[in-house]
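Now for the letters of each chain:
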Amino acid sequence: MVPRAADRLLIVVSVLEGRFFPKRPKHMLVVEAKFDGEQLATDPVEHADQPEFATELAWELDRKALHQHRLQRTPIKLQCFALDPVSSAKENIGYIVLDLRAVQEKKQAPKWYPLLSNKYAKFKSEIQVGVVLETDSKALVDGFKAKEAPPREGKVSALLSGLDPKSIVPVLNEEEGYHQIGPAEYCRDYFVLSVTIAFATQLEQLVPSTMKLPERQPEFFFYYSLLGNDVTNEPFTDLMKPNFEPERASVRIRSTADVLQVYLCAQSKLQIHLCCGDQSLGSTEIPLSGLLRKGSVEIDQHPVAIEGAFVLVPPNRAKQKLPQLPLDMAPTVGVSVILQRERPLIPLNAATEPKQPQEKALSPVSGKTEGQQQRSQNVPSQADHSSTEDEATESEVESLKSDKGTKLKKTGLVAEPCQEVNKQHTEEVPVFKSQSRAKSPLSDLQNSTGNGPVAASQPNPVGASSSSEPVSAQKIVIPAASHHFCFSIDLRSICGLEVGFPINCILRYSYPFFGSAAPIMTSPPVEVRKNMEVFLPQSYCAFDFATVPHQLQDTFFRLPLLVELWHKDKTAKDLLLGVARLQLSNVFASEKTRFLGGKGEQCWRQTCNETVSVTAAQGSGNRIAELSYAITLEDYGLVKMQEVLVSDSSQCVGAGQQRHVPHTQPHCAPENHPEPRETLEYKAALELEMWKEMQEDIFENQLKKKEVAHMQALAEEWKKRDREREALVKKKVAEYTVLEEKLQKTLRDLDKRERQLFSAESELQRVQKELQAEHERNLQELQDSVRRAREECAHQVELERSKIKQLDEDKLRLQQQLYEAENKHKILEKEFQQYKEQQSSKPEIQLQSEINLLTLEKVELERKLESATKSKLHYKQQWTRALKELARLKQREQENAMAHLKKQQQELEHMRLRYLAAEEKELGKTDRQELEDIRNELNRLKHQEEERRQLQDVRDNSAGRVDSLHSRKLNENTDDYLSRLIEERDTLLRTGVYNHEDHIVSELDRQIREAIAKRNITK
């Protein structure tokens, strides 16, 4: 049937980003997600501190398959890899497990998940992941597929020989519910691979002391992956005694034995993890290659299996350098892996089918919980597989524990009568106090290891006293004024030990007044060290007896209870260390409290809690420890029985058994009543009182049953917590032993280092002495050199002083010589002045002065000539520019005149044509007027042309006058004048404005000819 579109869903996993990753420039990050045998991956991103994945991965399934996966707790596993692009090597960094049960169709905010088994331990790497369910909107199209033809026999061996083990991948067939391994054309046999987790022991060893468990009750579970399907078992809370139902997870496989053997040999080991939340506490590996052997036909005859108890290893044992635990304390898990051919009766509708074996299959002794607990603890290290077994059994647990069946049955049979005896005794004497207050886990472990007789001898101390009375029992007569007392002693703890070595402590005391002279001891021995308080196990004891109150007080005041402190050594004789004196009379000083007895009578209770010193048994009697204890005295009133039968079996058998007086069913002697009242009122009242007493007894029995149930629950909880504390203490002791070894090693290293430092210090002192001697020698040499330098300096100073004195004398002498030379110089100057005056009156001197004046005038004239020349050049340049501008204006005016003349001629032509055209029409007068106008216009134009020519003549005349002026100024030097005229003419011709016909050029030629003629005349 085709499923509806609304039933198709998509599981969308959004891998958004990461944080707290180390930077690895040459690597990439890839996240691979695996669900239901299908694996998807993100695109590789840069291996940075905060990688950005931003990828959505989706799996398609229907609601029925989703429900099935949620029932099986199929997780979604995300694995993070570091990819090397050069070598294509993938390095596993860590993984994340997502719970499919928490996925909803409503979109939720993404969460940060830490990587489990993180390779980067120093970096707490996290990935932000969001999971949501979406409805698949695309249309579903079912195709039809033809059946495959059976393979030819000749091709099977060829295909098997060319098969690559790495290329064999299980492919899930959801329609038929199996995993296909190998080519489908010839792999047609069906197998069932099942994994069962049966039990676990010593799991508390996997919890490190530094790990903080959740404040609420933590849940632990086992996790493993079976052909890509992630499987978890039922969570449990108690690591000391894991209580979980064995579960079997099975997958159907379609393959052949040969291909399956190749696939199992190529696969890695089956990893089973113990998890708390999303953290792995430990794991173990089970090799699957031993299931099938090459060429073996064993699986055709019976199922093949790998069974045993496998040791769980913490994930960071190598990093923490933890010590190797002994085999009996190592955490183990019992696992059974079975591979068998599929039976025809097995349905084909599920690919993974978790099975829970029935409880009675787990327990050889039906109805005995104690037997189940013993079996869960007494696990064989490696169970032998029996070849005589039939096909796969309903539970693999029986095969794991078959070798312990007989032993467990014996233990259960021994324990059962003990429980019945204890039950009978509890019903007979409900107020009796048992000795055991809290048992240590060690004693429970010893009692649960199959030691039946020891376990039978450990029930309540009154178990033996509940036997039937012998005929020749001894009778004790009790005085009429005697009271029924119950005195209990609880030796709680010992602390403040002041002995130089740790002791294995037991306490021992005896008080014959209570009815037995047998010593009472605590057990087992506990280790006590300095500055340590230790609570004593099995230290509570209660005594029931009958006596007179004043005798009890007199005895308590007179005789204190002596408690001896013994050190129990396994290799030597027990040693008495000290004695504590307990003054029992202190209980009378405490406050009395009232309570109801078993028959509803008024009873009194007094309790005293104290701490006393334990004094040394030998020596000066110094305090060596302190003992905390509690004593309680209960008075049940007068004893109604005057005779009590005491049998031999009721004597003190164990440490906590004491003679007591049962009073729940007293055998009262018939009383001598006065005359009975035979009236109906008396009978009715008597019946009413009896009915009241009966109802009170029923109510009290109910209360006592509830009290016993509550006390048992409290005792069980106390024992459980005590076992946990004991296990933690043992673990701490083991850790402290390792630390002590490290400390001793460190101390040895420090001692060695101290010796090295001592030798180095002596060497340093020797070197220091040598350096001191060398320093003193150098200092002496330095002082000698300083003294010599001072003497040399003093000598040099004397020499310098003598030199300075000599220089002063030379200075005075030179100053005298300088004064004399100055006087001579003054005299010579005077003589030279007189000589000059004499020479100035001579004529040669006058001529010389005139020559000097003329020279100055010449220089001045030359300067003026040079400035005039510069002015000439400047004026010449200005004149050249003016000529160029004038020529440009002349050319423009000529062009305008020619254009205007042409225009006038065109207008005249037009007018003439108009005149000729209108000659016939116009009168002669009009013609004459037009001719007159034309004549006036021509006269006007002619007049304008004359004015223009006059203006040009004026300009030419002014230029001629300028040239004549220049020529007149330069007549003094004809050659220069001639060269200047030639240069000016050439300059005008080079401008292109003038030619040889122009007036100014012809004028310059005329002046040049005149200058040449004048120069020739002068020659």
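Look up: the structure comes first, before these words.
Residues numbered from 1 in each chain as written. Predicted model: local features only at pLDDT ≥ 70, side-chain atom pairs only at ≥ 80, totals over all residues. Heavy atoms only, no water.

A. Representation of unusual backbone geometry within the structure. In this structure, the amide linkage connecting Ser523 to the following residue, Pro524, adopts the cis form with an omega of -5°. Looking at where Pro524 falls in the secondary structure, it is placed in the loop between β23 (520–521) and β24 (526–528). Although it is not a glycine, Asp36 sits at a positive phi angle of roughly 55°. Checked against the element boundaries, Asp36 lands in the loop between β2 (28–35) and β3 (38–41). Phi is positive for Ser88, which is not a glycine, with a value near 60°. Within the secondary structure layout, Ser88 lies in the loop between β6 (76–83) and β7 (90–98). According to the relative accessible area criterion, Ser88 is exposed, its value standing at 56%. (Helix = DSSP H or I, 4+ residues; strand = E, 2+ residues; numbered from the N terminus. Buried < 20%, exposed > 50% of the residue type's maximum accessible area, 1.4 Å probe, protein only.)

B. The arrangement of the sheet that holds strand β14 (residues 229–232) in detail. With antiparallel pairing, the four strands of this open sheet are ordered in space as β14-β13-β16-β17. Looking at strand neighbours, the two that pair on one side only are β14 and β17 (279–286), the edges of this open sheet. The average angle at which neighbouring strand axes cross in this sheet is 25°, direction not considered. Note: strand β13 (residues 220–226) against strand β16 (residues 270–276), five bridges, orientation antiparallel. By the bridge assignment for β16, Tyr223 is matched with His273. (Pairing = 2+ DSSP bridges. Axes fitted to C-alpha atoms, helices over the stretch in contact; angles between N-to-C directions.)

C. Spotlight on a negative patch on the surface. Taken together, the side chains of Glu38, Glu174, Glu175 and Glu176 define an acidic patch exposed on the protein surface. Relative to the helices and strands, Glu38 is located in strand β3. Under the relative-accessibility criterion, Glu38 is labelled partly exposed at 40%. (Patch = residues over 30% accessible without salt bridge, like charges linked within 9 Å, V, L, I, M, F, W, Y side chains within 5 Å. Areas by Shrake-Rupley, 256 points an atom, 1.4 Å probe, with all protein chains shown as cover. Salt bridge = Lys/Arg side-chain N within 4 Å of Asp/Glu carboxyl O. Lys, Arg positive; Asp, Glu negative; His and termini not counted. Charge placed at Lys NZ, Arg CZ, Asp CG, Glu CD.)

D. Fine view of the packing of helix α16 (residues 974–991) against helix α17 (residues 999–1018). Between α16 and α17, the least distance of the axes is 10 Å, while the angle of their chain directions is 160°. As judged from the angle between their axes, α16 and α17 are roughly antiparallel. When the axes of α16 and α17 are compared, the crossing they make is left-handed. On α17, the residues that touch Thr974, Asp975, Tyr977, Leu978, Leu981, Ile982, Glu984, Arg985, Leu988 and Leu989 of α16 are Ile1000, Val1001, Leu1004, Asp1005, Gln1007, Ile1008, Ala1011, Ile1012 and Arg1015. Across the contact of α16 with α17, the residue classes tally to twelve nonpolar, two polar and five charged. (Parallel < 35°, antiparallel > 145°, perpendicular 65-115°, else oblique. Left-handed = near helix turned anticlockwise from the far one by under 90°. Contact = heavy atoms within 4.5 Å. Nonpolar A, V, L, I, M, F, W, Y, C, P; charged D, E, K, R; others polar.)

E. Here's a closer look at the side chain of His273. On the secondary structure map, His273 appears in strand β16. The exposure class assigned to His273 is buried, which follows from its relative accessible area of 9%. Side-chain polar atoms of His273 contact the side chain of Gln271, separated by 3.3 Å. Not counting chain neighbours up to four residues away, the residues in contact with His273 comprise Tyr95, Phe221, Phe222, Tyr223, Ser280, Gly282 and Ser283. (Polar contact = N/O pair within 3.5 Å; in protein donor to acceptor, adjacent residues only side chain to side chain.)

F. Just the packing of helix α14 (residues 843–917) against α16, in detail. Two numbers describe how α14 lies on α16: the axes approach to 11 Å, and their chain directions differ by 30°. In terms of orientation, α14 lies roughly parallel with respect to α16. Remark: the crossing between α14 and α16 carries right-handed chirality. Between α14 and α16, the residues in contact are Lys872, Lys876, Trp879, Thr880, Leu883 and Lys884 and Arg980, Glu983, Glu984, Thr987, Leu988 and Thr991, respectively. When the residues that make up the contact of α14 with α16 are grouped by side-chain class, the tally is three nonpolar, three polar and six charged.

G. Looking closely at the sheet that holds strand β19 (residues 332–341). Strand order in the open sheet formed by six strands is β10-β11-β15-β12-β19-β18, and the pairing between neighbours is mixed. Two strands bound the open sheet, and with one partner strand each, they are β10 (171–173) and β18 (304–311). Taken pair by pair, the neighbouring strands of this sheet meet at an average axis angle of 25°, ignoring direction. Bridging between β10 and strand β11 (residues 178–180) involves three bridges; their strand directions are antiparallel. Residue pairing for β11: Leu172 is matched across the bridge by His179.

H. Layout of the pairing of strand β28 (residues 575–582). As judged from the seven bridges shared by strand β27 (residues 561–567) and β28, these two strands associate in the antiparallel manner. Bridged to Leu561 within β28 is Leu582. Here three bridges tie β28 to strand β30 (residues 602–616), and the two strands are oriented antiparallel to one another. Its bridge partner lying in β30, Gly578 is registered against Ala616.

I. Representation of the nonpolar core. Leu203, Phe222, Tyr224, Leu260, Leu291, Val337 and Leu339 are the most contacted members of the largest nonpolar core, which totals 47 residues. Within the residue set of this core, elements represented by two or more residues are β12 (189–201), β13, β15 (247–255), α3 (257–266), β16, β17, β18 and β19. Excluding its chain neighbours within four sequence positions, the residues that come into contact with Leu339 are Phe191, Val192, Leu193, Leu260, Leu264, Leu291, Leu292, Ile299, Pro303 and Val304. Formed by 40 residues, the second largest nonpolar core is a distinct cluster that contains Leu507, Tyr509, Phe514 and Ala580. (Core = buried A, V, L, I, M, F, W, Y, C linked by side-chain atoms within 4.5 Å.)

J. Focus on a nonpolar patch on the surface. On the surface, a nonpolar cluster with roughly 390 Å² of combined accessible area is contributed by Leu688, Trp691, Met694 and Ile698. Relative to the helices and strands, Ile698 resides in helix α13 (residues 680–840). Overall, Ile698 belongs to the partly exposed group, its relative accessible area being 38%.

K. The packing of aromatic side chains, seen in detail. Per the counting criterion, the structure on display carries 20 aromatic pairs. Joined through ring pairs, the aromatic side chains of Phe485, Phe487, Tyr511, Phe513, Phe514, Phe543, Phe545, Phe556, Phe557 and Phe588 make up one cluster. Note that Lys90 overlies the ring of Phe81, its terminal NZ or CZ placed 4.5 Å from the centroid. (Phe/Tyr/Trp six-rings, centres within 6.5 Å; stacked < 30°, edge-to-face > 60°. Lys NZ or Arg CZ within 6 Å of the ring centre and 35° of its normal.)

L. A look at the pattern of salt bridges. The tally for this structure, following the rule as stated, stands at 36 salt bridges. With a shortest N-O distance of 3.4 Å, Glu91 and Arg24 are connected by a salt bridge. Within this pair, whereas Glu91 is found in strand β7, its partner Arg24 is found in the loop between β1 (8–19) and β2, the two being separated by 67 residues in sequence. Residue Glu91 is classed as partly exposed on the basis of its relative accessible area, which comes to 23%. For Arg721, the salt bridge goes to Glu717, with nearest N and O atoms at 2.9 Å. Within this pair, Arg721 and its partner Glu717 are both found in helix α13, separated by four residues, close to a single helical turn. Salt bridges here are not isolated pairs; linked through shared partners, they connect Arg24, Glu91 and Lys119.

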